[in-house]
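Observations on the three-dimensional arrangement
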Amino acid sequence: MIKSESAAVSQNSARTKLEQLRSFMQKQGVSAYVILSSDPHMSEYLPDRWQTRSYMSGFSGSAGNLVVLPQESALWTDGRYFIQAERQLQGSGIKLMRLGEPGTPSLQRYLAEQLPPAALIGLEGEVVSQGMVRSIEAAGQARGLKVKDLPFPASLWPDRPDRPATPAWPLPAVAAGVRARDKIRQLRERLAEQGSNSMLVTRLDDVAWLTNLRAADIAYNPFLLAYCWVSPDSCTLYTDPNRVNEAGRQQLQQDGISLKDYTAVMPDLSACRQQQKLLLDPAATNYACFQLAGHNPALTIVEAEDPIQLLKAVKSPEEIANIHRAHVLDGVAMVRFQIALEKKLNQGEALTEADVADLVDHCRKSVPGNIGLSFNTIAAYGTNAAMMHYAPHRGTAAVLRPGAMLLVDSGGQYDCGTTDITRTYAIGEPTAAQIDYYTLTLEAHINMAMTVFPAGCSGANLDIMSRQVFWQRGLDYRCGTGHGVGYIGGVHEGPHSLRTSNYVPFRPGMVVTDEPGYYEEGNLGVRIENELLCVEKEVTEYGRYLAFEALTYCPYDTSLIDTSRLNHQQLDWFNQYHANVWDILSPHLGEVEQAWLRAKCQPLTA
């Protein structure tokens, strides 16, 4: 592979920055410096100010942790980003650590094995969780390794962006469904069950849910940078007060929430004199806040899992009704995108992946009620689709030509919900291999959608329902089958998911994606994704049973399906799904759009 000039510049820049950091480390007496993909609120997607790992390494994936030693450096990421990371780290001197691969040590074990006895490990305590610091120290305990809270040096990032403070606005009553004061009451009831009477709410999605406020501090996530302290008799929101509009201020006041500046939270943790049993989740609370609270004798720390994550994950009836409306809007956008794409291709227009991403983004943003995208659109053609989180760029995006497949993973933020959908399309006449892998992925996708299961089952129990058809052929995919989705919030939401390591039981009202895929480096990638709603199925003499209901409304590419491979139940599900897509979307479409959709939703036969 011939490196581009820009890539070489990026790699040289990474090497220079790492050497500057090593000089800083030597002056501070630390033998390692850890840079996690994180911010003060343990967010998945980060404000520009805390994109430190990306700035230092050149790797732009959303998940990855960097360790810098005096003579070497390493970056850990998961299977979604192996191909991307290998390309972006090439020439940087940073070793790629492939999480989950045999022989790959954890970050903690790597530090314990590489560092000399009694070494100091530097990290920025404001952006590393208490739980992560503990795991690092536990792994190095036998060698006497210790962590030192060491803020990232300003001199290494002279033009570092400021903290974001975009305008904050309240959800209208029809969108919120439940008032903030009622959510605070629910939270206090859960806190009592967990042996506490107060909580420092640190996750941004938690703050948004609890207060019914939204903003745009993080790309694609309608959140505001804030903490919220729920005490026995008060509730304080820590953010820039000037950013909250008058309607938001009035709503907060009516719900018993006072405003203080974002920077006041740490001094308040130190100065609080009211006796409180303060719940802190070590996985969600940064090391700096945890240490301040732990040294305050008035605060008795109750370490427990964040209760808001589960409260938020089970959508209210009002939220579910709004989510259905969001998916109708999204389905209309996807129909218009597919029609426009087919028209351009049929007219012989030369399109790149970047053109495709712009087209689907335009169609989505043109729908009434859209307030943005839920993530950066993935439009991946041919071999690029083997990279799960590939992002096209002008100048390097592949040109669409007959003979390969196009994977489009996209989603929107609406004033009534958040969406996430993937469709894979044949460009030209599909090959036998493309039909084979698409049909295999569709089988896995349908199997999950049809699953009926006893109450109490988790993602660890259910993931096999999709994965088994891959396993039968000695294949697999290096990611979970699905993730939770927020409500006018993050496109990735916990605590539940469809993966072998998740043991949170599914509950009616939870939303999860169903997105199995097949990825073969250098060849192709296929993914099919709908959102599913967990619903009550029935109660029998054997217990209570739950099921999934499809929330996404968009036709599949039937040219890629070998119907002889689908059993009767799968084919019935497929045809009923397309019938539902027609029934739900057609009233919102024009005549030409309806004719197109009717043709796409014709029933298939074996």
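Residues numbered from 1 in each chain as written. Predicted model: local features only at pLDDT ≥ 70, side-chain atom pairs only at ≥ 80, totals over all residues. Heavy atoms only, no water.

1. Description of the domain arrangement of the chain
Considered domain by domain, the chain is made up of domain 1 (2-156), domain 2 (169-312) and domain 3 (314-601). Each of domain 2 and domain 3 has a C-alpha centre, and these two points are 34 Å apart. The partner domain 3 presents 23 residues to the 17 residues of domain 2 that form the contact. Of the roughly 1,400 Å² buried at the junction of domain 2 and domain 3 (both faces included), carbon and sulfur atoms supply 52%. (Domains from an automatic or database assignment. Contact = heavy atoms within 4.5 Å. Buried area = accessible area lost by both parts, 1.4 Å probe.)

2. Quick notes on the sheet that holds strand β15 (residues 370-373)
Spatially, three strands are ordered β15-β18-β19 in an open sheet, and the strand pairing comes out antiparallel. Among the strands making up the open sheet, the edge pair consists of β15 and β19 (417-418). Note: strand β18 (residues 412-414) against β19, two bridges, orientation antiparallel. Bridge pairing in β19 places Tyr-414 opposite Gly-417. Lying on the sheet, helix α13 (residues 317-346) is in contact with β18 and β19; it crosses β18 at an angle near 135 degrees. Packed on one face of the sheet, helix α14 (residues 353-365) meets β15 and β18 and runs near 160 degrees to β15. (Pairing = 2+ DSSP bridges. Helix = DSSP H or I, 4+ residues; strand = E, 2+ residues; numbered from the N terminus. Axes fitted to C-alpha atoms, helices over the stretch in contact; angles between N-to-C directions.)

3. Here we look at the packing of helix α15 (residues 432-450) against helix α17 (residues 464-471)
α17 packs onto α15 with a crossing angle of 155 degrees between their chain directions and a minimal axis gap of 7 Å. With respect to their mutual orientation, α15 and α17 come out roughly antiparallel. The two elements α15 and α17 cross, and the hand of that crossing is right-handed. Listed contacts from α17 to Leu-440, Thr-441, Ala-444, His-445, Asn-447 and Met-448 of α15 are Met-465, Ser-466, Gln-468, Val-469 and Phe-470. (Parallel < 35°, antiparallel > 145°, perpendicular 65-115°, else oblique. Left-handed = near helix turned anticlockwise from the far one by under 90°.)

4. Thoughts on the packing of aromatic side chains
By the definition in use, this model includes 14 aromatic pairs. Ring geometry for Phe-59 against Tyr-81: centres 5.8 Å apart, planes inclined by 80 degrees, an arrangement best described as edge-to-face. Residue Phe-59 is found in the loop between α2 (52-57) and β2 (65-68), and its partner Tyr-81 is found in the loop between β3 (73-77) and α3 (82-89); the two are separated by 22 residues along the sequence. Of the two residues examined, Phe-59 and Tyr-81, each falls in the buried class. Here Trp-573 and Tyr-577 contribute two aromatic rings whose centre-to-centre distance is 5.3 Å and whose plane-to-plane angle is 5 degrees, an arrangement assigned as stacked. With Trp-573 and Tyr-577 both in helix α18 (residues 568-585) and four residues apart, this pair spans about one turn of that helix. For the pair formed by Trp-573 and Tyr-577, the shared burial category is buried. Clustering of aromatic rings is evident, with ring pairs tying together Tyr-556, Trp-573, Phe-574 and Tyr-577. The ring of Tyr-55 carries the charged tip of Lys-17 above its face, separated from the ring centre by 3.5 Å. (Phe/Tyr/Trp six-rings, centres within 6.5 Å; stacked < 30°, edge-to-face > 60°. Buried < 20%, exposed > 50% of the residue type's maximum accessible area, 1.4 Å probe, protein only. Lys NZ or Arg CZ within 6 Å of the ring centre and 35° of its normal.)

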